Amino acid sequence: MLTFRRALVAAAFILTVLFLTTRSTSSSAPSPLDSFPQAQAYDSSRHASTTAVSSDKKASDTNPIHGTPPNRHRTSKSGQQAIQDLSKLSLYDKLAYQFPYDVETKFPAYIWQTWKWTPAHSEFDFREQEATWTEQHPGFVHEVITDEVAVHLLRLLYGSVPEVLEAYEALPLPVLKADFFRYLILLARGGIYSDIDTYAIRSALEWIPESVPRDAVGLVIGIEADPDRPDWKDWYSRRIQFCQWTIQSKPGHPILREVVTRITDQTLRRKRAGSLRDINNKGVIEFTGPALWTDIIFEYFNDDRYFDMSKSPGMIDYKNFTGMDVAKRVGDVVVLPITSFSPGVQQMGAKDYDDPMAFVKHDFEGTWKPESERHIGENNN
């Protein structure tokens, strides 16, 4: 007969067996790093280095050339890291430690913009533009960051990486700080950065084609310029130029990490040499602007630290993106056509504002925004 005491003993025995079985199963399971797929091999039936993705394709039709980045750029599901002596790390590795990258996380619901004043100020002149971002993204945290707030925010985020703060404060021009800030905030917090004079035509939830898994994408960029003309060097710095007035990213993306590292190193080097004040307008484009941004993106696409390049027939360059009118995916990066962030410019193949691929309108109307309007970091005393 089953007495109360025997029932207690039996229950304790069953619980002990279950506990030991669970522990045994857990200890034999692969580590989080082992469970991630390696970079996919090149598929010779596709483009040389990218895969075009239209919104009406099935998921099975999407076969990215580079697949997902290798395991070394993923973080543990627990988010825990071993404590390291940061003084012994390179700047790139410090940033990787402070802002780890996990492509499987969701895109943070942040919208970051910068201007001299917040929308509550009487002299804020971009209410119509700013409102479109809030209207198209209900539930997102939408921040318009002023000069003063930017300084304090960066000190909070990058206090453990003082060389980054030193570089930011040393930059002599407001436009340099404006460029640097967008990379810094996206590296640390992720989300969307967009210039204050942009309109959100469609929600960012529509930017990535439905056929592309959201947990396989960590960066969304658009083409700014595709000047298929002999004199393109007279107008643009690169044959294909990626836009940096609107960027969507998950925190810690390696491209942003490399951009921040490059700008910090070059700034401090120039500071020691006393040549920071020598940067002219064209130098801005190369130093922090779309030229640097474009170069580092192409370096990433061709970097065997991130992708298996052994079966690729050649380097990824402008020829893989010129004339594109649908999204293309390269590893964990989605590249949008020129229509997406530059609709209505009436050149370089850009279509009008009502095109299904038109996502953001920029008020510059085909020319770069004047530096006098990029005030983040400016001393207004």
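You'll find the structure just up there.
Residues numbered from 1 in each chain as written. Predicted model: local features only at pLDDT ≥ 70, side-chain atom pairs only at ≥ 80, totals over all residues. Heavy atoms only, no water.

K.L.:
Could you clarify how one ought to interpret the packing of aromatic side chains in this entry?
P.N.:
Each aromatic ring pair is summarised here by two numbers: the centre-to-centre distance and the angle between the ring planes. Per the stated rule, a full pass over the model turns up 17 aromatic pairs. Ring centres 6.4 Å apart and planes at 55 degrees place the aromatic pair Tyr 300 and Phe 301 in the tilted group. In this structure Tyr 300 comes out as buried when scored by relative accessible area, which is 3%. Aromatic rings pair up to connect Phe 242, Phe 298, Tyr 300, Phe 301, Tyr 306, Phe 307 and Phe 321 into one cluster. Residue placement shows Lys 361 over the ring face of Tyr 353; its charged tip is 5.2 Å from the ring centre. (Phe/Tyr/Trp six-rings, centres within 6.5 Å; stacked < 30°, edge-to-face > 60°. Buried < 20%, exposed > 50% of the residue type's maximum accessible area, 1.4 Å probe, protein only. Lys NZ or Arg CZ within 6 Å of the ring centre and 35° of its normal.)

K.L.:
Would you mind going over the packing of helix H6 (residues 174-189) against helix H7 (residues 254-273) with me for this structure?
P.N.:
Axes are the key here: two packed helices are described by the angle between their axes and the distance separating the axes. Running from N to C, H6 and H7 cross one another at 135 degrees; their axes reach a closest spacing of 9 Å. The angle between H6 and H7 places the two elements in the oblique class. Handedness of the crossing formed by H6 with H7: left-handed. Residues Phe 180, Tyr 183, Leu 184, Leu 186 and Leu 187 of H6 lie in contact with H7, whose contacting residues are Leu 256, Arg 257, Val 259, Val 260, Ile 263 and Thr 264. For the contact of H6 with H7, a count of residues per class yields nine nonpolar, one polar and one charged. (Axes fitted to C-alpha atoms, helices over the stretch in contact; angles between N-to-C directions. Helix = DSSP H or I, 4+ residues; strand = E, 2+ residues; numbered from the N terminus. Parallel < 35°, antiparallel > 145°, perpendicular 65-115°, else oblique. Left-handed = near helix turned anticlockwise from the far one by under 90°. Contact = heavy atoms within 4.5 Å. Nonpolar A, V, L, I, M, F, W, Y, C, P; charged D, E, K, R; others polar.)

K.L.:
Please clarify how the packing of helix H4 (residues 147-157) against H6 should be interpreted in this entry.
P.N.:
Contact geometry for H4 and H6: axes closest at 11 Å, N-to-C directions at 40 degrees. By the criterion of interaxial angle, the relationship of H4 to H6 is oblique. Note that H4 runs across H6; the crossing there is left-handed. Contacts between H4 and H6 involve Ala 150, Leu 153, Leu 154 and Leu 157 from the first element and Phe 181, Leu 184, Ile 185, Ala 188 and Arg 189 from the second. Per-class residue counts for the contact of H4 with H6 are eight nonpolar, no polar and one charged.

K.L.:
Just checking my understanding: could you explain the environment of Tyr 353 for this structure?
P.N.:
With respect to the secondary-structure elements, Tyr 353 resides in the loop between helix H10 (338-341) and strand S11 (360-362). C-alpha separation for the pair Tyr 353 and Ser 342, spaced eleven residues apart in sequence, amounts to 8.7 Å. The residues contacting Tyr 353, other than those within four sequence positions of it, are Ile 201, Arg 202, Pro 343, Gly 344, Ala 358 and Lys 361.

K.L.:
In this structure, what is going on with the pairing of strand S9 (residues 327-330)? I would like to understand it.
P.N.:
Across a regular strand the side chains alternate sides, sitting on one face of the sheet and then on the other. Neither face of S9 is left uncovered, since the one carrying Ala 327 and Arg 329 and the one carrying Lys 328 and Val 330 both have all their residues buried. Examined bridge by bridge, S9 and strand S10 (residues 333-336) share three bridges and lie antiparallel to one another. Pairing of Val 330 across the sheet is with Val 333, part of S10. Hairpin geometry of S9 and S10 is characterised by an intervening segment of two residues between the two adjacent antiparallel strands and by a positive phi of about 60 degrees at Gly 331. (Pairing = 2+ DSSP bridges.)

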